[in-house]
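For reference, the chains in residue letters:
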Amino acid sequence: QQQQQQSPDPRAPWRCLLQGVWDSFQFIKVFKLLTRNAQARDSVRNCILLNGVLFIGSLAFYQFAMFPFIRLILEYAWNSKSSDSILSPDSQLLLEKFLDGIFNITWVFPMFFLAKILNGLYYQRVANSSFETFRGSSAAGYLDVRDKDLAGWISLMLSDALYTVVMETLLIIETSLVGLLPYGIYISILFNCWVTSLYCFEYGWLNAGWSLQARVVYFERHWAYFLGFGFPFVVTTYFMSFLYSTALFSLLFPFFVIIATAATPVPSSYKLSFLSLVPDRIPICTPSRQITSSVMKLLPSPQRKQFNSSTSSPSSTAKPNRPHNARTIT
């Protein structure tokens, strides 16, 4: 029997933000799950080995051991045939780019795409185990739909997945573009906090059987909480190079998925904000959703019908652990 949980009363936006930050550090939830669930424990261990040991380890080994050693060997060979004491700065730069290119083509890029595939499998297992442990049933919403109509479930899953991928890709593009504005780095961090929280919480919402519309409404209604929840995760990875940031994000992500599944977001109220200036809901996803909807209208009629079904709007007051009909997991 799936547990039911009452939504907490609205609070001032700054309190919701602080509550989100506090909840993001609830690693006791991670410990609780990993000590009880073997599947989650194995998946998290595989994430650590793949992203921490193999991916980050190989990047560090190349940067701090392999590349300096190769450069030393080449400099020695160069010095034996040249009167120059060391490689010129231009030669060193060219050598570094050449070795980086070889390393990226032969190892980093294949490793990057392999990790994407494997991480997706590990994250889904962690999310399913977390939902079963903290919400009382496993993937209740989409399993019911699948059992009743397999063909419809597959079509619904594909249309929803396509919409979600397009919308979230546009969100990432928006986040990158705002970084070009004056003081854009601060706006970019803010958007990254929201997008990261959306990634973490969406697994639980999908397992609960939420439609896309329900997810977006709930996300925008709890904007202050999600801003706070994503902040510690973002600042941990934001200022690193792309590869290190990606690897560390992939390493930490399953822990935050567990924490997000166990958390209960707190809505904010404009009545409790300073001079009632802060709205209850901020349309964070509206631009990307409007563009995505326009793109989806180009689909053939049958696929567009499924798309409209997958994005239909249940009540915006739905709770995060109360499944809606006609949803699937991606």
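Computed from a predicted model, the values in this text were never measured in an experiment.

## As for the packing of helix H7 (residues 184–207) against helix H8 (residues 212–221)
Direction vectors running N to C along H7 and H8 enclose 135°, while the axes themselves pass 11 Å from each other. In terms of axis orientation, H7 runs oblique to H8. Like other packed secondary-structure pairs, H7 and H8 cross with a definite hand, here right-handed. Along the contact surface, H7 presents Trp194, Leu198, Glu202, Trp205 and Leu206, while H8 presents Arg215, Tyr218 and Phe219.

## Regarding helix H2 (residues 27–36)
The set of residues buried in H2 consists of Val30, Leu33 and Leu34. Down the axis of H2, the buried side of the element spans an arc of 95°, and every buried residue falls inside it. Facing away from the buried side of H2, by more than 90 degrees, are the exposed residues Ile28, Phe31 and Arg36.

## Concerning the pattern of salt bridges
Taken as a whole and assessed by the stated rule, the structure comprises three salt bridges. A salt bridge links Arg281 to Glu220; the shortest N-O distance between them is 2.7 Å. A residue pair is termed long-range when its members are at least 10 positions apart, and Arg281 in the loop between helix H10 (242–262) and helix H11 (286–296) and Glu220 in helix H8 qualify at 61 residues.

## Concerning the environment of Arg281
On the accessibility criterion, Arg281 (40% relative accessible area) is partly exposed. Taking the C-alpha atoms as reference points, Arg281 and Pro267, 14 residues apart in sequence, are found 9.1 Å from one another. If we ignore the near neighbours within four places in the chain, the residues touching Arg281 are Val217, Glu220, Arg221 and Trp223. In terms of polar contacts, Arg281 uses its side chain to reach the side chain of Glu220, at 2.7 Å.

## A few points about a nonpolar patch on the surface
On the surface, Tyr183, Ile185, Tyr186 and Phe239 cluster together into a nonpolar patch covering about 540 Å² of accessible area. Tracing the chain through its elements places Tyr183 in the loop between helix H6 (150–178) and H7. The exposure class of Tyr183 is exposed, given its relative accessible area of 66%.

## So, the packing of aromatic side chains
For the coordinates displayed, the defined rule picks out 25 aromatic pairs. Measuring from ring centre to ring centre gives 4.8 Å for Phe201 and Phe229, while their planes differ by 70°; the resulting arrangement is edge-to-face. Here Phe229 lies in helix H9 (residues 223–237) and Phe201 lies in helix H7, a separation of 28 residues in the sequence. Taken individually, Phe201 and Phe229 each receive the classification buried, so the pair is uniform in this respect.

What counts, and where the lines are drawn
Residues numbered from 1 in each chain as written. Predicted model: local features only at pLDDT ≥ 70, side-chain atom pairs only at ≥ 80, totals over all residues. Heavy atoms only, no water. Axes fitted to C-alpha atoms, helices over the stretch in contact; angles between N-to-C directions. Helix = DSSP H or I, 4+ residues; strand = E, 2+ residues; numbered from the N terminus. Parallel < 35°, antiparallel > 145°, perpendicular 65-115°, else oblique. Left-handed = near helix turned anticlockwise from the far one by under 90°. Contact = heavy atoms within 4.5 Å. Buried < 20%, exposed > 50% of the residue type's maximum accessible area, 1.4 Å probe, protein only. Arc of directions from axis to C-beta. Salt bridge = Lys/Arg side-chain N within 4 Å of Asp/Glu carboxyl O. Polar contact = N/O pair within 3.5 Å; in protein donor to acceptor, adjacent residues only side chain to side chain. Patch = residues over 30% accessible without salt bridge, like charges linked within 9 Å, V, L, I, M, F, W, Y side chains within 5 Å. Areas by Shrake-Rupley, 256 points an atom, 1.4 Å probe, with all protein chains shown as cover. Phe/Tyr/Trp six-rings, centres within 6.5 Å; stacked < 30°, edge-to-face > 60°.

As far as function goes, none of this settles anything; it's purely spatial.
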